[in-house]
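# Structural features, examined
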Amino acid sequence: MELFTNQILAGISTGAIYACMALALVMIYQAIDHLNFAQGEMAMFSTFISWQLMQWGVPYWVAFVITLAFSFIAGIAIERILFKPLAKAPILTNVAGFIALYSIINSCAGLIWDFTIKQYPTPFGSSPFLGSQLISTHQAGMIGITLLMLLGLFYFFRYTRIGLAMRAAASVPESARLVGINTSWMIALGWGMAAAIGSVAGMMIAPVVFLEPNMMLGVLIYGFAAAVLGGLTSPFGAVIGGFLVGTFENLVGTYIPGVGNELKLPIALALIITVLVVKPAGLFGRPIVKRV
Amino acid sequence: MLLERLCTIVLAAVALAFASPPSFAQKKYDTGASNSEIKIGNIMPYSGPASAYGVIGKTEQAYFNKINAEGGINGRKIRFLSYDDAYSPPKAVEQARRLVESDEVLLLFNPLGTPSNTAIQKYLNGNKVPQLFVATGATKWNDPKDFPWTMGWQPSYQSEAHIYAKFLLKEKPDARIGVLYQNDDFGKDYLKGLRDALGPRSSMIAAEESYETSEPSIDGHIVKLKASGADVFISITTPKFAAQAIKKLAEIDWHPMHILSNVSASVGGVMGPAGFENSQGILSAAYAKDGADPQWDNDPGMKKFYAFLRQYYPDGNRLDGSVVYGYGAAQTMVQVLMQCGDDLTRANVMKQAASLKDFAPDTLLPGITINTSATDFAPIKQLQMMRFKGEKWQLFGDIISGAMSN
Amino acid sequence: MSAAEEIVAEGQAVEAVPKRAMTLGTGTSLVLLAVLLLVPLLVKNFIIFQMTMLLIYGIAVLALNILTGGSGQFSLGQSAFYAIGAYTSAILMEHFDVNYALTLPIAGILCFAVGFLFGQPALRLSGVYLALATFALATAMPQLLKLGFFEKWTGGVQGLVVTKPEAPEAVQSMLTWFQLKMSQDMWLYYFTLVVTVAIYISSVNLLRSRSGRAFMAIRDNEIAASAMGVDVALYKTLAFGVSAGITGVAGGLGAIAVQFVAPDSYTITLAIALFLGMVVGGVGWLPGSIVGSAFIIFVPNLAESISKGLSGAVFGVLLFLVIFLVPHGARQVAMVSQQLIAKLKQR
């Protein structure tokens with residue numbers, strides 16, 4: 001029983017990592033109706049920037065804010081320069097663009113900062129949380145920040161005009177343009193916000209997994225799975241999805257005999273696919289109605 | 001009469017000319033070697049999941065640049081051709097064929113990765129091209145009978161595991177061992193070595209947890225191992241995961257005897273990021289000096305290494321074990337080529353590689369030397385155990401030979 | 001907002017390729033075939049090996065073209081079928097001494113079955129969700145191959161070494177008559193070429209047939225197709241099956257050409273590369289498969305020769321260049337040149 005609780009707790013703390021990433025992915029999906037493969041790399045690059053700032057003596061929270069601003073602007077810049085020209089191109093071509101972006105960012109990070117792992121500080125400290133040895137204060141802090149971002153996004157999409165405009169631009173662009181929404185800039189804004197959220201995810205994840213150019217690959221896969229499980233239209237779903245994936249994967253590894261340990265990821269993914277077959281829009285996603 | 005005399009003299013002179021041996025040795029070359037240069041091929045993962053090891057290739061390139069600047073080997077310059085295989089065996093095959101058939105190199109030096117090397121082994125042996133000092137610790141490279149053109153360099157994973165097993169049997173015979181291992185050839189080879197060396201006592205292994213490199217964090221595995229009641233934790237991990245394990249162990253307040261694979265026993269690459277305070281007491285074994293360890297600052301060999309970095313590879317990170325590795329391997333290659341003299345045939349290269357006697361590159365621990373023979377294709381067999389104390393490793397015990405024959 | 005509505009008439013995920021533009025003109029095809037037949041006689045073995053790989057990846061990209069370009073189903077999981085085909089060939093050749101040529105149809109049929117089965121749950125998924133499902137399959141495959149349970153056959157993490165076939169006796173004796181000798185590489189190349197041409201012709205016929213029209217109807221507008229009486233479920237799974245089968249044959253050939261199979265050879269990187277090959281070649285344009293294949297084999301080498309440290313970045317930049325200049329891939333280049341030639345003819 002104790003092992004069970006321990007694994008659940010461990011799963012929740014790992015799940016917080018996935019939830020963080022999933023939020024960024026949902027954000028980009030809300031903006032452009034697609035998943036950006038390079039999201040993880042952008043987050044990693046932002047995290048490196050913040051690390052570099054701290055190496056130069058900038059205190060943590062100052063570096064945090066600077067990185068956030070930098071990521072936001074960089075996200076917009078990348079969209080305007082690289083993806084706006086592809087707006088009329090087929091979707092698959094855009095996906096190829098994401099892959100190209102991934103390759104470029106990963107390679108540059110490797111050249112600038114090399115591949116040795118770097119320690120990344122946490123503002124929350126690493127002592128056991130509330131005396132529990134299974135969740136450190138950092139991981140509790142990470143969960144807290146994720147929930148904060150979630151609330152922020154919820155408020156943004158539900159109660160602000162820009163949020164509404166963005167949702168409209170993504171799902172019904174024709175109609176949105178008719179009411180005067182500049183859909184092109186909404187997309188850019190979406191990219192900027194996704195990049196910013198991604199950078200927070202990166203800065204929260206790095207203390208746990210250690211900073212290096214390939215740190216986001218695994219996280220991206222799980223974040224992807226979590227976002228889809230939770231429903232790509234629902235930030236709330238993304239977070240829940242993240243926790244579910246983390247916990248579930250740990251339980252599979254612990255309790256399924258023999259292959260459970262070696263097939264953690266495939267089984268977790270298989271189960272997500274099963275969920276999707278039953279609920280194609282994810283657990284909390286809104287069902288999509290197609291009109292012919 | 002005079003004519004006869006003249007004829008005799010001419011005949012005698014001609015006979016003498018043919019009878020006496022030439023005053024200098026014959027120069028013999030295979031493809032890739034000439035009077036002015038020696039072409040060496042290499043395959044490294046410069047991109048992809050294992051790109052962290054690409055620095056080995058860069059270090060070796062820098063080292064060969066140094067050798068060339070100092071006059072080359074017996075007057076010949078080294079041309080080092082290193083290609084990227086992105087850790088993908090089909091790509092490694094393509095690059096190996098390119099090096100042999102298109103670039104016409106003399107030999108392949110230090111190709112990296114067990115899958116890549118396995119993929120090209122048959123081809124290289126079939127074409128009688130030396131596959132020297134492969135950059136992997138898999139035990140199977142020491143097999144001169146079946147693969148006379150392939151030779152390893154670093155101590156094999158199994159031999160290192162043997163050393164740990166023997167240590168445990170002696171120091172902690174009633175241990176309950178929990179093993180965390182990477183689910184690939186590296187992890188599995190170690191595990192096999194461990195099991196084999198424990199022999200009938202292999203039941204000491206209470207729990208085995210494998211992980212994939214695609215997992216972002218191995219925390220769940222650590223929790224499970226702690227729950228198994230193990231009091232010895234053997235970490236067969238690459239640097240990132242080794243650091244994660246050290247950190248998690250501290251966080252959940254679990255303090256077993258912690259044995260760490262040599263691959264990750266880097267002060268700058270693992271212990272530093274994981275936190276020195278968390279790494280106290282960790283055991284490992286080494287065959288080379290650590291560039292982050294101040295105890296070697298005045299060591300003559302390491303001083304040469306640091307000077308080399310300053311002059312030829314300023315971007316090189318001395319804290320990175322891969323850089324130290326590349327230097328040592330390149331030095332060994334140069335030694336072999338020097339020993340070849342003017343006979344730069346592939347067969348002679350292998351012969352010289354199999355005739356290294358007590359050769360000590362600058363970066364190996366004092367007392368550890370390279371020895372090879374026609375039946376022994378494992379250049380480095382010795383390791384010394386060490387314990388992490390303060391901010392550096394403290395060697396203890398004797399230099400142990402983990403010699404294994406295939 | 002309640003349920004999000006998608007007005008499908010706005011634009012589909014995969015655009016249609018007009019039927020007459022689906023293949024190359026007869027003249028161009030013959031020239032290409034001639035080139036493919038004659039070049040190996042003039043170049044070194046290494047180049048022949050590269051050309052063999054070119055054809056093999058071309059087959060795999062073609063399979064993906066049928067699936068995505070033909071039936072509109074997005075797949076990032078082709079590497080899984082490629083792996084199954086490769087391992088099937090390797091295991092049959094090394095453990096059961098089956099003739100290499102025979103392993104190919106077996107691999108093809110096995111992969112067809114797997115693809116067909118995978119297509120079933122995939123029926124309910126589309127777009128991003130299908131992408132995730134196929135992505136999951138691709139990431140799972142290396143781990144399945146490493147599974148200790150199968151180690152006896154698969155060789156586990158160490159993989160299997162495969163013996164390269166020689167040209168058959170009949171061909172050898174015929175050639176000695178002309179005092180020619182055929183290297184293993186050359187024989188394998190011509191063997192692969194025959195398989196490639198056969199697959200290409202069958203695929204073109206498939207897409208022009210009734211089934212092909214059903215695929216394309218589903219791609220263009222699934223709901224309308226269903227309303228018109230097309231058995232969507234059958235054709236979608238069929239598309240998956242056919243695509244997987246062809247990829248399996250490519251995998252088998254790949255195993256024979258490289259002479260080695262290992263889990264590390266068949267990661268998600270391969271699936272992504274095949275996807276890129278499809279996009280660069282032109283989605284749905286079968287002849288483009290070879291252009292796409294050339295891209296994924298040679299451009300990384302090119303990137304590496306430009307800059308070793310930044311080879312990934314250079315590759316990304318080159319990829320961007322290609323998709324900026326020709327967003328529709330090689331097909332666009334072909335169409336533009338066709339138009340140019342037509343204009344020149346008019347003069």
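Our structure is the block above this text.
Description of the structure in this document. (Residues numbered from 1 in each chain as written. Chains lettered and ligands numbered in written order. Predicted model: local features only at pLDDT ≥ 70, side-chain atom pairs only at ≥ 80, totals over all residues.)

## Topic: the overall build of chain A
Helix and strand counts for chain A come out as 11 helices and three strands. Starting at the N terminus, the α and β elements of chain A follow one another as α-α-α-α-β-β-α-α-α-α-α-α-α-β. Its C-alpha radius of gyration of 19 Å places chain A within 12% of the 19 Å reference for a compact globule of 292 residues. Every one of the 292 residues in chain A was classed for burial, and the buried ones make up 58%. By sequence separation, contacts in chain A at least 24 residues apart represent 73% of the contacts at least 6 residues apart. (Helix = DSSP H or I, 4+ residues; strand = E, 2+ residues; numbered from the N terminus. Rg over C-alpha atoms; globule rule 2.2 N^0.38 Å. Buried ≥ 20, exposed ≤ 12 C-beta atoms within 10 Å, placed from the backbone. Contact = placed C-beta atoms within 7 Å.)

## So, the interface of chain C and chain B
Counting residues at the interface gives 24 residues for chain C, matched by 24 residues for chain B. Those elements giving two or more residues to the side of chain C that touches chain B turn out to be helix H2 (45-71), helix H5 (127-146), helix H11 (232-258) and helix H14 (311-325) of chain C. Split into classes, the residues belonging to the side of chain C that touches chain B amount to eight nonpolar, 11 polar and five charged. (Nonpolar A, V, L, I, M, F, W, Y, C, P; charged D, E, K, R; others polar.)

## A look at unusual backbone geometry
Although it is not a glycine, Phe210 of chain A sits at a positive phi angle of roughly 75 degrees. Looking at the element boundaries, Phe210 of chain A is found in the loop between helix H8 (183-209) and helix H9 (216-230). C-beta crowding within 10 Å serves as the criterion here: with 24 such atoms nearby, Phe210 of chain A is assigned to the buried category. One non-glycine residue, Gln259 of chain C, lies in positive phi territory at about 65 degrees. Using a count of 21 C-beta atoms within 10 Å as the deciding quantity, one classes Gln259 of chain C as buried.

## A closer look at the pairing of strand S12 (residues 382-389) of chain B
All names here are of chain B. S12 sits mainly inside the fold: six of its eight residues count as buried. Where strand S10 (residues 283-286) and S12 come together, four bridges link them in antiparallel fashion. Bridge pairing in S12 places Leu283 opposite Arg387. Across seven bridges, S12 lies against strand S13 (residues 392-401) in antiparallel orientation. Paired with Gln382 across the bridge in S13 is Ser401. Between S12 and S13, which pair antiparallel in sequence order, lie two residues; one of them, Gly390, sits at a positive phi of approximately 70 degrees. (Pairing = 2+ DSSP bridges.)

## Let's talk about the nonpolar core
Grouped together as the largest cluster of nonpolar side chains are 334 residues, with contacts concentrated most on Ala22, Leu23 and Ala225 of chain A. Each of domain 1 (29-155 + 297-375) and domain 2 (159-286 + 385-401) of chain B gives at least three residues to this core. Excluding anything up to four places from it in sequence, Leu23 of chain A contacts Thr146, Met149, Leu150, Leu153, Ile197, Ala201, Pro235, Ala238 and Val239 of chain A. (Core = buried A, V, L, I, M, F, W, Y, C linked by C-beta atoms within 7 Å. Domains from an automatic or database assignment.)

## As for the environment of Val258 of chain C
On the secondary structure map, Val258 of chain C appears in helix H11. Accessibility expressed as a C-beta count within 10 Å gives 27 for Val258 of chain C, which makes it buried. Each C-alpha atom of the pair Val258 of chain C and Phe49 of chain C lies 8.9 Å from the other, and the pair is 209 residues apart in sequence. Residues contacting Val258 of chain C, with those up to four places away along its chain left out, are Pro89, Pro90, Val93 and Ala119 of chain B.

## Details of the sheet that holds strand S2 (residues 37-44) of chain B
Residue and element names in this part refer to chain B. The four strands are arranged S3-S2-S4-S5 in an open sheet whose pairing can be described as parallel. This sheet does not close on itself; its edge strands, each paired only once, are strand S3 (77-84) and strand S5 (131-132). One ladder, built from two bridges, connects S2 with strand S4 (residues 107-109); its direction is parallel. Bridge pairing links Gly41 to Leu108 in S4.

## Remarks on the interface of chain C and chain A
On the chain A side, the residues contacting the 47 residues of chain C number 46 residues. Secondary-structure elements contributing two or more residues to the side of chain C that touches chain A are strand S1 (4-7), H5, helix H10 (222-227), helix H12 (268-281) and H14 of chain C.

## Considerations on helix H3 (residues 60-83) of chain A
Between the first and last C-alpha of H3 of chain A there are 32 Å, a value that for 24 residues agrees with the 34 Å anticipated at 1.5 Å per step. Among all positions in H3 of chain A, only Ala63, Thr67, Ser71, Phe72, Ala74, Gly75, Ile76, Ile78, Glu79 and Leu82 of chain A are buried. Those residues of H3 of chain A that are buried lie in contact with helix H2 (39-55), helix H4 (91-113) and H8 of chain A together with H14 of chain C. (Expected span 1.5 Å × (residues − 1).)

## Quick notes on the packing of H2 of chain C against H12 of chain C
Residues and elements named next belong to chain C. Relative orientation of the contacting elements H2 and H12 amounts to 75 degrees, with a least axis distance of 9 Å. For the element pair H2 / H12, the angle class is roughly perpendicular. Only Leu274, Phe275, Gly277, Met278 and Gly281 of H12 make contact with H2, whose side of the interface consists of Tyr57, Ala60, Val61, Leu64, Asn65 and Thr68. (Axes fitted to C-alpha atoms, helices over the stretch in contact; angles between N-to-C directions. Parallel < 35°, antiparallel > 145°, perpendicular 65-115°, else oblique.)

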